[in-house]
Amino acid sequence: MTSNSNIPHPLLELTNKHLDQLCSKAWRRLPEGVKTDMVSYIQKVSDVQQWSPTDKQVLANGNIRRNLAWYSSGERQIRVCIEDCDVASDEAIVGAFVHEIAHAYQERLTPSIVDAGKCNEAGDLLPVGWGFCKEIQALKEYRKKFG
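Residues numbered from 1 in each chain as written. Predicted model: local features only at pLDDT ≥ 70, side-chain atom pairs only at ≥ 80, totals over all residues. Heavy atoms only, no water.

### Some words on the overall build of the protein chain
Convention followed: The helix and strand labels rest on DSSP assignments: H or I over at least four residues marks a helix, E over at least two residues marks a strand, and numbering proceeds from the N terminus. Whether a residue is buried, partly exposed or exposed follows from its accessible area with a 1.4 Å probe, protein chains only, as a fraction of its type maximum: under 20%, in between, or over 50%, in that order. Contacts are residue-level and defined by heavy atoms, with any inter-residue pair within 4.5 Å sufficient. Computed by Shrake-Rupley with a 1.4 Å probe, the accessible areas treat only the displayed protein chains as cover when residues are assessed.
Helix and strand content of the protein chain: seven helices and four strands. Mapped from its N terminus to its C terminus, the protein chain presents α and β elements in the order β-α-α-β-α-β-β-α-α-α-α. Within the protein chain, the fraction of its 147 residues that count as buried is 45%. Once local pairs closer than 6 in sequence are excluded, the contacts in the protein chain between residues at least 24 apart make up 72%. Carbon and sulfur atoms provide 51% of the accessible area of the protein chain, an area that totals close to 7,900 Å².

### A closer look at the pairing of strand β4 (residues 77-81)
The criterion, for reference: We treat two strands as partners when DSSP finds at least two bridges between them.
In terms of burial, β4 is largely enclosed, as five of its five residues are buried. Along β4, one buried face is formed by Gln 77, Arg 79 and Cys 81 and the opposite face, lined by Ile 78 and Val 80, is buried too. In terms of strand pairing, strand β2 (residues 44-48) meets β4 through five bridges, oriented parallel. The partner of Lys 44 across the bridge, within β4, is Gln 77. Pairing between strand β3 (residues 69-72) and β4: four bridges, direction antiparallel. Within the sheet, the bridge partner assigned to Ser 72 lies in β4 and is Gln 77. Hairpin connection between β3 and β4: a loop of four residues separates the two successive antiparallel strands, and Arg 76 in this loop has a positive phi of roughly 50°.

Shown next as structure tokens:
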């Protein structure tokens, strides 16, 4: 069950107005329990014009050419890449945002799971259960196209 209640979102520091609107709208659609757990757990959501050279190296090591968003566990932050979002549909961007929230949510509830494959799978499965099926499908299509 989703809600439009006013549980505040994590600190949004998105300079791109369109991304800010998409992420804010997606936040409002999340289930109450997820928002309650995440509002104080995720420290910040920000955007970057492009990934740093270090980020790009990590992505390259995972055979990823483009990545819309990234959850940094140590910093408990979600970063959204403007450059990569420029070629993505709104649905794929929302899918990436809730995928990263799912990573944070899973980490908060089960911090001992370190299997990257299981974490990535949960990043797709949890949002589907939260009502983001169309957006996760769009994210999967983006991944097929851009790797």
